[in-house]
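As a plain string of letters, each chain reads:
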Amino acid sequence: MRLDQFIATSTELSRKDAKRTISGGRVHVDGEPCKSANTKIQAGNRVTLDGEVCTLPGERYLMMNKPMGVVSATRDSDHPTALDLLPPAMARNLHFAGRLDADTTGLILLTTDGQWSHRITSPRVNCPKTYRVTLSDPMAEPAVRELERGVLLRNDPTPTKPAQVRVLGDRLIELTISEGRYHQVKRMLAAVGNHVEALHRQRIGKIILDSTLETGDYRELTRDEIESVT
Ligand code: URA
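The shown structure was predicted, so the numbers you read here are calculated from the model rather than taken from an experiment. (Residues numbered from 1 in each chain as written. Predicted model: local features only at pLDDT ≥ 70, side-chain atom pairs only at ≥ 80, totals over all residues. Heavy atoms only, no water.)

Participant: What is the right way to look at the nonpolar core in this model?
Facilitator: As a rule of thumb, soluble globular proteins bury nonpolar side chains together. With 32 residues, the main nonpolar core has Val 133, Leu 147, Ile 173, Leu 175, Met 188 and Leu 189 as its most contacted residues. Of all elements in the fold, only strand E5 (61–66), strand E7 (104–111), strand E8 (129–135), helix H5 (141–149), strand E10 (172–177), helix H6 (184–191) and strand E11 (196–204) reach the threshold of two or more residues within this core. In terms of nonpolar packing, the next biggest core, distinct from the first, is built from 15 residues, Met 63, Trp 116, Ile 120 and Ile 204 among them. (Core = buried A, V, L, I, M, F, W, Y, C linked by side-chain atoms within 4.5 Å. Buried < 20%, exposed > 50% of the residue type's maximum accessible area, 1.4 Å probe, protein only. Helix = DSSP H or I, 4+ residues; strand = E, 2+ residues; numbered from the N terminus.)

Laid out in structure tokens, this is it:
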């Protein structure tokens with residue numbers, strides 16, 4: 001979509017006024033002023049007018065406290081999907097901004113806005129995600145240091161990026177990673193000789209799982225939460 005069309009659709013400005021606003025330097029794309037009305041806006045671009053994020057009308061943004069046994073895919077032949085927990089009218093056109101394994105619980109984001117979800121999931125963005133990890137064995141100090149430095153995962157030649165670890169108990173840690181490789185947390189803990197018994201996501205970027213949401217519940221994101229994804 002062209003930038004002037006994006007501005008006209010996401011605000012109350014006419015196409016002509018949108019063009020004027022753009023040439024006046026009030027519009028930024030990904031933090032840079034953009035004065036060209038025919039710039040193509042693509043998945044992942046962040047467009048602001050006078051510093052306010054512009055989103056297309058009708059876009060929807062939800063968080064859910066994903067239960068165990070539910071997959072974060074739009075369709076699955078073996079398991080119920082998190083979309084099945086929403087009223088059908090609300091589920092329409094939603095996709096997941098990042099996935100969780102069926103046996104992982106906690107924060108999952110759903111949206112109709114592909115540009116927004118791309119900013120969460122793109123490997124170039126390094127959006128941090130925080131997990132509470134229950135382990136089968138006590139966490140030794142050297143293993144904590146290894147996770148913090150980066151570890152080699154099985155069948156993957158590239159070490160993980162440095163992680164943040166908070167030891168909360170004998171077999172309980174909080175782990176923050178900024179990548180999203182396949183089964184990453186489970187494989188990281190396996191790489192240091194431990195085993196994940198339970199995994200719960202608490203946070204994506206600045207969005208924290210609402211503690212009032214029971215398992216399987218969901219709510220719309222606030223304006224601040226939506227705009228926190230930069
Ligand atoms: N890492 C995992 O191993 N599983 C998840 O569901 C999320 C991160």
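Alright, that's what it looks like, and here's the rest.
Participant: Sorry, what's going on with the environment of Arg 181 here?
Facilitator: Mapped onto the elements, Arg 181 comes out in the loop between E10 and H6. Taking C-alpha positions, Arg 181 is 9.3 Å from Pro 123, a pair spaced 58 residues apart along the chain. Within the structure, Arg 181 has its side chain in polar contact with the side chain of Asp 156 (distance 2.8 Å). (Polar contact = N/O pair within 3.5 Å; in protein donor to acceptor, adjacent residues only side chain to side chain.)

Participant: For this particular structure, what's the right way to read the sheet that holds strand E1 (residues 27–29)?
Facilitator: Within a sheet, neighbouring strands are paired by backbone hydrogen bonds and run either parallel or antiparallel to one another. Judged by pairing direction, the sheet is antiparallel, and its 4 strands sit side by side in the order E2-E1-E3-E4 without closing on themselves. Each edge of the sheet is formed by a strand with only one pairing partner; in this case those strands are strand E2 (32–33) and strand E4 (52–53). Pairing of E1 with strand E3 (residues 47–49) involves 3 bridges; the strand directions are antiparallel. From the neighbouring strand, Val 27 faces E3, where its bridge partner is Leu 49. (Pairing = 2+ DSSP bridges.)

Participant: I keep staring at the side chain of Glu 174 and nothing clicks. Help me out?
Facilitator: With respect to the helices and strands, Glu 174 occurs in strand E10. With relative accessibility at 17%, the residue Glu 174 sits in the buried group. Leaving out residues up to four positions away in the same chain, Glu 174 has contacts with Thr 130, Tyr 131, Gln 164, Val 165, Arg 166, Leu 168 and Gln 202. (Contact = heavy atoms within 4.5 Å.)

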